[in-house]
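# Analysis of the macromolecular model
Here's the letter readout for the chains.
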Amino acid sequence: MDIELTAAEARYMNNCVVPHKAYTYNWGLTEGLQHLTGEQALVYARNRSIGDDFERTARQRRVMNQVVEKAKNLPLSDLYEMLNLLLPYLVTDMSNSEIIRCAVECAPLLKDLQVVSQRIPINGSYSHVGINGMRVLLPNLEENHQFLVDTIGITTEEEETE
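Not measured: the values here are computed from a predicted model. (Residues numbered from 1 in each chain as written. Predicted model: local features only at pLDDT ≥ 70, side-chain atom pairs only at ≥ 80, totals over all residues. Heavy atoms only, no water.)

Secondary structure assignment for the protein yields seven helices and four strands. Helices and strands in the protein line up, N terminus first, as β-α-β-α-α-α-α-β-β-α-α. The C-alpha radius of gyration computed for the protein amounts to 20 Å, which surpasses the reference 15 Å derived for 162 residues by more than 25%, pointing to a less compact arrangement than a globule. Taken over 162 residues, the protein has a buried fraction of 26%. Summarising the internal contacts of the protein: among those between residues at least 6 apart in sequence, 45% fall at separations of at least 24. In the protein, 14 positive and 23 negative side-chain charges are present, and the distance between their average locations comes to 11 Å. (Helix = DSSP H or I, 4+ residues; strand = E, 2+ residues; numbered from the N terminus. Rg over C-alpha atoms; globule rule 2.2 N^0.38 Å. Buried < 20%, exposed > 50% of the residue type's maximum accessible area, 1.4 Å probe, protein only. Contact = heavy atoms within 4.5 Å. Lys, Arg positive; Asp, Glu negative; His and termini not counted. Charge placed at Lys NZ, Arg CZ, Asp CG, Glu CD.)

With that out of the way, let us pick up the environment of Val 116. The topology assignment puts Val 116 in the loop between helix H5 (96-106) and strand E3 (126-131). Val 116 sits in the exposed class, given a relative accessible area of 59%. In this structure, the C-alpha to C-alpha distance between Val 116 and Leu 138, residues 22 residues apart in sequence, is 24 Å.

This part covers helix H3 (residues 53-72). Between its terminal C-alpha atoms H3 stretches 29 Å, which fits the 28 Å expected from 20 residues at 1.5 Å a residue. Every buried residue of H3 is accounted for by Phe 54, Arg 56, Thr 57, Ala 58, Arg 59, Val 63, Ala 71 and Lys 72. On its buried side, H3 packs onto strand E1 (2-5), helix H1 (7-14), helix H2 (38-46), helix H4 (76-86), E3 and strand E4 (134-139). For H3, the N-terminal capping position is held by Asp 52, with its side-chain oxygen 3.1 Å away from the main-chain nitrogen of Phe 54. (Expected span 1.5 Å × (residues − 1). Polar contact = N/O pair within 3.5 Å; in protein donor to acceptor, adjacent residues only side chain to side chain.)

Residues Leu 5, Met 13, Leu 29, Leu 36 and Tyr 44 are the most contacted members of the largest nonpolar core, which totals 14 residues. At the level of elements, E1, H1 and H2 are the ones that each hand at least two residues to this core. The greatest single-element share of this core, amounting to four residues, is contributed by H2. Leaving out residues up to four positions away in the same chain, Leu 5 has contacts with Ala 10, Met 13, Leu 29, Thr 30, Glu 31, Gly 32, Gln 34, Leu 36 and Tyr 44. (Core = buried A, V, L, I, M, F, W, Y, C linked by side-chain atoms within 4.5 Å.)

Turning next to the environment of Glu 142. Position of Glu 142 relative to the elements: it lies in helix H6 (residues 141-152). Taking the C-alpha atoms as reference points, Glu 142 and Glu 105, separated by 37 residues in sequence, lie 36 Å from one another.

Moving on, we get to the packing of H4 against H5. Where H4 meets H5, the closest approach of the two axes is 11 Å, and the angle between their N-to-C directions is 150 degrees. By the angle class used here, H4 and H5 are roughly antiparallel. Crossing of H4 over H5 shows right-handed handedness. For the pair formed by H4 and H5, the contact residues are Tyr 80, Leu 83 and Asn 84 on the first element and Ile 99, Ile 100 and Ala 103 on the second. Looking at the contact of H4 with H5, its residues break down into five nonpolar, one polar and no charged. (Axes fitted to C-alpha atoms, helices over the stretch in contact; angles between N-to-C directions. Parallel < 35°, antiparallel > 145°, perpendicular 65-115°, else oblique. Left-handed = near helix turned anticlockwise from the far one by under 90°. Nonpolar A, V, L, I, M, F, W, Y, C, P; charged D, E, K, R; others polar.)

Confidence in the prediction of the protein, expressed as mean pLDDT, is 88, and 91% of residues score 70 or more. Put simply, helix H7 (residues 157-161) is where the protein has its lowest mean pLDDT, 62, and strand E2 (residues 32-35) is where it has its highest, 96. (pLDDT = per-residue confidence, 0-100.)

Take a look at the structure:
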C-alpha cells in the first residue's frame, strides 16, 4: 500500500521498537510516498506518538481506504479467499455463510464504490472538559447529528414524522 509519510512518521517507524522483542524495525523509510508492507501499515496506523488522537485516526482511515481501493480491483475468487482468512477474526451475530452471501451480493458494487471518510466530532463541534479527573471531548450533539444527516442522509423516526 502506498502512503505519504511525513518526516516525523518515517523517523518514528524506523525507530519503533518491535513489541516483546529487543530490536527496532529500522526500515529505512523516508519522507514522501512510500510503499508499505502490511506490518509497516499496522505500525503506521497504530502510531500514538505523533500528533493527537485525530491524527492517529486519520492515519487509520488512510490505511483502510487503501485496503478498500485494493479490494475493489480483486477478482471474486480473491475476495472470497480474503474473506475466509478474515472470518475467524470477526465477532458478529451473523453466521459465516450469511456474511459470505452478503459479500457475494455486494461484490459487483465494489468497482463503483466511493468511500467518504469523515470523523465525529467534526472540527469546532466539541470542547475539552474534565470528567472524573480525565480530559475528554464533549461533542455538540446537535452539530454532529446535523453533519451526519447532511453527509449520509440518516434521520431519526421523529424527524421523518415531522
